[in-house]
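Spelled out, the chains give:
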Amino acid sequence: MKCAFAAWSKGSGALLLAIRAFARAEGVEAALLEEWATSLPELEARSDAAQRSAEAKGWRWVGEMEEIAAAFAAHGLPRGFHDAAADVYGRRQMS
């Protein structure tokens, strides 16, 4: 159960971090935040919280994301997303 829960809780945080980093690199972060405010108002605060957590302790989650990726693969499910999440957390900061 812990693996499935972390797949969502920490995995979705990594996805938000990567999306904001991409939007920032493309010069559209402000527009993305405006869209989130309209469509999904909780996401900006959630991505800010994910950033703070990743900066403080994300390095500890690299191995956990790799374990989740392997667990998914063991059941014939794609492992790529959680391998990418491990990469995100390995960078410690997505700014």
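Residues numbered from 1 in each chain as written. Predicted model: local features only at pLDDT ≥ 70, side-chain atom pairs only at ≥ 80, totals over all residues. Heavy atoms only, no water.

Asks: Can you help me understand the overall build of the protein in this one?
Replies: The secondary structure content of the protein amounts to 5 helices and 0 strands. Starting at the N terminus and ending at the C terminus, the protein contains elements arranged as α-α-α-α-α. Dimensions of the protein, computed from the C-alpha atoms along their principal axes, are close to 40 × 25 × 20 Å. Within the span of the protein, comprising 95 residues, buried residues form 34% of the whole. As displayed, the protein has an accessible area near 5800 Å², and 59% of this comes from carbon and sulfur atoms. (Helix = DSSP H or I, 4+ residues; strand = E, 2+ residues; numbered from the N terminus. Buried < 20%, exposed > 50% of the residue type's maximum accessible area, 1.4 Å probe, protein only. Areas by Shrake-Rupley, 256 points an atom, 1.4 Å probe, with all protein chains shown as cover.)

Asks: Mind showing me how you'd approach the nonpolar core here?
Replies: If you look at soluble globular proteins, the nonpolar side chains tend to sit buried side by side. Of all hydrophobic cores here, the largest spans 13 residues; its most connected members are A14, L17, M65, I68 and Y89. If near-sequence neighbours (up to four positions away) are discounted, I68 is found in contact with C3, A6, A7 and H82. Among the nonpolar cores identified, the runner-up in size contains 6 residues, and L16, A23, L32 and L43 belong to it. (Core = buried A, V, L, I, M, F, W, Y, C linked by side-chain atoms within 4.5 Å. Contact = heavy atoms within 4.5 Å.)

Asks: What's the story with the packing of aromatic side chains in this structure? I'm lost.
Replies: Aromatic ring pairs are defined here through the distance separating the ring centres and the angle between the ring planes. One pass over the structure, following the stated rule, counts 1 aromatic pair. An angle of 80 degrees between the planes, with centres 5.0 Å apart, marks the rings of W61 and Y89 as edge-to-face. Of this pair, W61 sits in the loop between α3 (43-57) and α4 (62-74) while Y89 sits in helix α5 (residues 80-90), placing them 28 residues apart in sequence. On the basis of relative accessibility, which here comes to 9%, the residue W61 falls in the buried class. (Phe/Tyr/Trp six-rings, centres within 6.5 Å; stacked < 30°, edge-to-face > 60°.)

Asks: Would you explain the pattern of salt bridges in this entry?
Replies: Under the definition given, this model contains 6 salt bridges. The salt bridge involving E29 is made with R20; its shortest N-O contact spans 2.9 Å. By relative accessible area, E29 is classed as buried at 17%. Its relative accessible area of 11% is what places R20 among the buried residues. Salt-bridge contacts for E29 lead to R24; the nearest nitrogen and oxygen are separated by 3.2 Å. Several salt bridges converge on common partners, so that one network encompasses R20, R24, E29 and D48. (Salt bridge = Lys/Arg side-chain N within 4 Å of Asp/Glu carboxyl O.)

Asks: Is there a simple way to explain α3 in this structure?
Replies: At 3.6 residues per turn, the α-helix brings residues three or four places apart onto the same side. Helix length check: α3, at 15 residues, gives a terminal C-alpha distance of 20 Å against a target of 21 Å (1.5 Å per residue), a fit within 8%. Along α3, the residues classified as buried are L43, S47, A50, Q51 and A54. Considered in projection along α3, the buried side chains sweep an arc of 105 degrees and stay on one side of the axis. The outward face of α3, more than 90 degrees from its buried face, is lined by the exposed residues R52 and A56. Lining the buried residues of α3 we find α1 (2-26), α2 (29-39) and α5. (Expected span 1.5 Å × (residues − 1). Arc of directions from axis to C-beta.)

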